[in-house]
Amino acid sequence: MRKEFMRFTNLYIKNSHYERLEQLNVIFRKGESYLLWGNDHTGHVFTDIFRGEARITSGNIWLNDQEIFECSREIFHQEKIFYIDSYTEFMYTLDLAENLFLLKRNNLKKLFINQKAIHMQAKEMLEQYNLPFNGWEKTETLSTVDKVFLNIIRSVDQGAQMLVMNNLSAICNQQDMKKLKELLTQIRKEEVAFLIYDSHPENFTDIVDIVFLVNKGRIEKKLYEKSEFYLCNKIMNETIRNITEITSKIVKKHAEVMEEESYDLSCDFEGKEIQFSIFRGEILYLAIQHGQEQSVLWKSLKSYGNRKELISSGIRFWGEDNLNTEIFPNLSIKDNILLPTVKKINKLGFYKSRERFIFQDKEFFEENKFITEKNNFTDSNMMKTIFYRWKLFHPKVLVLNNILSRADVEMKEWILKRLLELTERKTSIILLESAAEDAMKIADRVIMIKSKNTMKDLQG
Amino acid sequence: MERLKRFIQEYKISFAIVFIFLLECMRGSYDLKAWSFLRQMNIMTFLTIGVSLEMMSGDFDLAFAAQISLSTITAALLISAGLPIWTACIVIIGLNAILGCLKGFLLTKLKMPSIIFTLALQVIFLNIFSGVLPDNRINFSDILVLHGNRAAEVLVTGLLILTVCGMYFFLNNTYYGKYCRMLGENMELAEKSGLNCMAISMIIHVIASLFFSIPAISIMLYTSSGSTYMGANYLYKVLAAVCLGGIGFQNGKGSVNGMVIGALTVVTMLMMLTGSGYLNRFETILEGIIILLALDVKNRTKN
């Protein structure tokens, strides 16, 4: 059994072009070779991890039994994982042998160079890998492919654990490709693992151990049998077809469930009981003619039934009357956001260790600025804090009273965005709003409550 | 033979200037003052080597002249306060080493353009003592300590020869010599490769600053004073020598031969201008031309 040196667990990453890879669960073992095979080009995002161009949005990377929190080239470099693409730089002021042996980590204690030793070593190494170069050669005249070959053996000489190669076939003709494969076969014998992403992956099927079929930012299938590698395209197409079918089924089912899943609510208003239902992830605007009546309805909604029951069934209320009381000024903004969710994060209340992951998750949390402001609870900061709190807490139904009308234009825009995000997470929202225009803009459905309890349901 | 041809081709302008100068000396147009020439040559070569080393590591140093001035003033103040001259010389060396270390650290840490950064340092160094010394000058003795002392000239020349040999060895046979070129050519790649660029840069700047401390001591002892203008005279001349010596800015190229030839050319030109009485008139124009030359060199290296 080969020894594992790196593991991705439920990893979600995003590169600088906002391309994503999701749900990566991969184990890398010493001396094993991996090929990324994909019909689209999202597989290159995988190599971006090692290039230092990707960001972890969630999940973990374990490297030699230690978790790393950022994908930087230096970290991988230190752990002897080298990224190689067609853009390989050399120092023109140094000759080839010096380029091979000086461009690496050094403890700076060595002072004198033994030129003879360096050149002899280079000669030996070049002979070992059948590369027709001379250690004294100038590097200015080397072709791109030659530089890549030299970079590969330079990395191996530095004790590489794994080489990550990105689209090398782009610079290779047939002969170069043959040479490259020979070189990689030789390197494989030295227990160096490699991961290849290429626009022509079929070139490498005979030298790899595992093929990852990548499609739309996911590893759809892992192939371990050599006999399957030659059928990658076919398997890939079948997998995609299956996935499309499965996805469409899921979507359909989900839509059906969505239609079915709704919450029935009721409250007392002007002595009579009002009943209405709200679907999951829907924004419902309860429109009412007079402001006074709205506050009555709000109070009636809040006090209807047993409060404990309301809380246990995941219904939360937030309105202009308790805008300030929701905030604990002695706690930090972060703690204010986390407060109701603390038990969900850790049953014993040790939520601090996971806190970092929550606030680093860009999917969840766009703004870092305001949370670092120490206890600066301005109106807008308070609103932001509470919105993020709901987003994190994820209630089933959230009843909002005059929140939009309390906000200025800029803040209104911000709130509308957050409301949509909440509904994406399947929270249903009931709006009681005096700013009817804004509420209409965002509501999926409007229920008009006229005086003397006549109701009219308006769709769309 | 081929190498010699290439060598002559590379420094043809310098050779032409020296040749004209020698020819004119033989014709009797100029009075060749050998000791004065030697003294100028010593100072210029030390400074050129220091600046070239920094330039090869990718940093264009405009603060070295101010650094010399600062160290002469500091030493002169200490001597005036009763410290022995040899102790003041050690202070100069120590101060330069610290300043070099600081330069290397800040340049790598802040990643600022070296021209701007050293220009700012120059202003700081020149004005440190402006509050203490109203004339920006301090004399510590009425007698010129080293004036006409030929033994001292010979000693400094011997030191220079050793430095040139050491420099040759440093650039070709030590890791730091190679690192210096690597930093100058592509610092990003050097960093990516795992080199400790900050430590290397600091070491290189310390070595360069030690080269500056020898002319600083010489100038202080020749004039028996310290002044903010002492180094300023050498700023553009040394930069000209570096450019003429073919030292590349941000490409790591350059040789010890080039440094010495560059210094020799500039000293010869200065002697010619002094001999003809044009030095003061053309000095400022010369400075401007040299800046343009330096920018041109920089552009060419970029392209």
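Anything mentioned here points back to the structure above.
A quick note: this is a predicted structure, and the numbers were derived from the prediction, not measured. (Residues numbered from 1 in each chain as written. Chains lettered and ligands numbered in written order. Predicted model: local features only at pLDDT ≥ 70, side-chain atom pairs only at ≥ 80, totals over all residues.)

## With respect to the interface of chain B and chain A
Note on interface size: it is often stated as the accessible area lost on association of the parts.
In step 1: Listed per partner, the contact involves 17 residues of chain B and 18 residues of chain A.
In step 2: With 8 residues, helix α8 (residues 175-192) of chain B is the single largest residue contributor to the side of chain B that touches chain A.
In step 3: Its residues assigned to classes, the side of chain B that touches chain A comprises 5 nonpolar, 7 polar and 5 charged. (Contact = placed C-beta atoms within 7 Å. Helix = DSSP H or I, 4+ residues; strand = E, 2+ residues; numbered from the N terminus. Nonpolar A, V, L, I, M, F, W, Y, C, P; charged D, E, K, R; others polar.)

## Considerations on helix α5 (residues 85-110) of chain B
All names here are of chain B.
In step 1: Taking 1.5 Å of rise per residue, the 26 residues of α5 would be expected to cover 38 Å, and the 37 Å separating its terminal C-alpha atoms lies within 8% of that figure.
In step 2: Taken together, the buried positions of α5 are Ala88, Ile92, Asn96, Leu99, Gly100, Lys103, Gly104, Leu107 and Thr108.
In step 3: Packing partners of the buried residues in α5 comprise α4 (64-80), α6 (114-127) and α9 (197-223).
In step 4: Once α5 finishes, lysine 111 follows within two positions and takes phi at roughly 50°, a positive value. (Expected span 1.5 Å × (residues − 1). Buried ≥ 20, exposed ≤ 12 C-beta atoms within 10 Å, placed from the backbone.)

## What to know about the nonpolar core
In step 1: By size, the foremost hydrophobic cluster in this structure holds 151 residues, and its most contacted members are Met162, Leu163 and Val164 of chain A.
In step 2: Residue contributions to this core peak at 13 residues, all from α9 of chain B.
In step 3: Met383, Leu404, Ile415 and Ala443 of chain A belong to the second largest nonpolar core, which has 37 residues in total. (Core = buried A, V, L, I, M, F, W, Y, C linked by C-beta atoms within 7 Å.)

## Quick notes on the pairing of strand β3 (residues 33-38) of chain A
Residue and element names in this part refer to chain A.
In step 1: Taken across its 6 residues, β3 has 6 buried, putting it largely inside the fold.
In step 2: In β3, alternate side chains face the same way, and those of Ser33, Leu35 and Trp37 on one face and Tyr34, Leu36 and Gly38 on the other are all buried.
In step 3: Taken together, the 4 bridges between β3 and strand β8 (residues 193-197) define a ladder with parallel strand orientation. The residue bridging leucine 35 from the neighbouring strand is isoleucine 196, located in β8.
In step 4: The pairing of β3 with strand β9 (residues 210-215) spans 5 bridges and is parallel. What sits directly across from glycine 38, in β9, is valine 214. (Pairing = 2+ DSSP bridges.)

## Section: the pairing of β9 of chain A
Residue and element names in this part refer to chain A.
In step 1: Bridge count for β9 against strand β10 (residues 218-223) is 5 bridges, and the pairing is antiparallel. Bridge pairing links phenylalanine 212 to lysine 222 in β10.
In step 2: Hairpin geometry of β9 and β10 is characterised by an intervening segment of 2 residues between the two adjacent antiparallel strands and by a positive phi of about 45° at lysine 216.

## Focus: unusual backbone geometry
All names here are of chain A.
In step 1: Positioned with a positive phi, asparagine 10 is a non-glycine residue whose angle comes to about 45°.
In step 2: With respect to the helices, strands and loops of the structure, asparagine 10 is situated in strand β1 (residues 4-15).
In step 3: Even without a glycine there, the phi angle at lysine 80 is positive, about 65°.
In step 4: With respect to the element layout, lysine 80 can be found in the loop between α2 (73-78) and β6 (81-84).
In step 5: On the basis of neighbour counts, which here come to 17 C-beta atoms within 10 Å, the residue lysine 80 falls in the partly exposed class.

## Details of the packing of helix α3 (residues 34-56) of chain B against α9 of chain B
The relative placement of two packed helices is expressed as an angle between their axes plus a distance between the axes.
All names here are of chain B.
In step 1: Interhelical geometry of α3 versus α9 gives an angle of 165° and a closest axis separation of 8 Å. In this view, α3 runs roughly antiparallel relative to α9, as classed from their interaxial angle. The chirality of how α3 crosses α9 is left-handed. Counting all contacts with α3, which are made through Asn42, Ile43, Phe46, Leu47, Ile49, Gly50, Leu53 and Glu54, the residues of α9 involved are Ile204, His205, Ile207, Ala208, Ser209, Phe211, Phe212, Ile214, Pro215, Ser218 and Ile219.
In step 2: Its residues assigned to classes, the contact of α3 with α9 shows 13 nonpolar, 5 polar and 1 charged. (Axes fitted to C-alpha atoms, helices over the stretch in contact; angles between N-to-C directions. Parallel < 35°, antiparallel > 145°, perpendicular 65-115°, else oblique. Left-handed = near helix turned anticlockwise from the far one by under 90°.)

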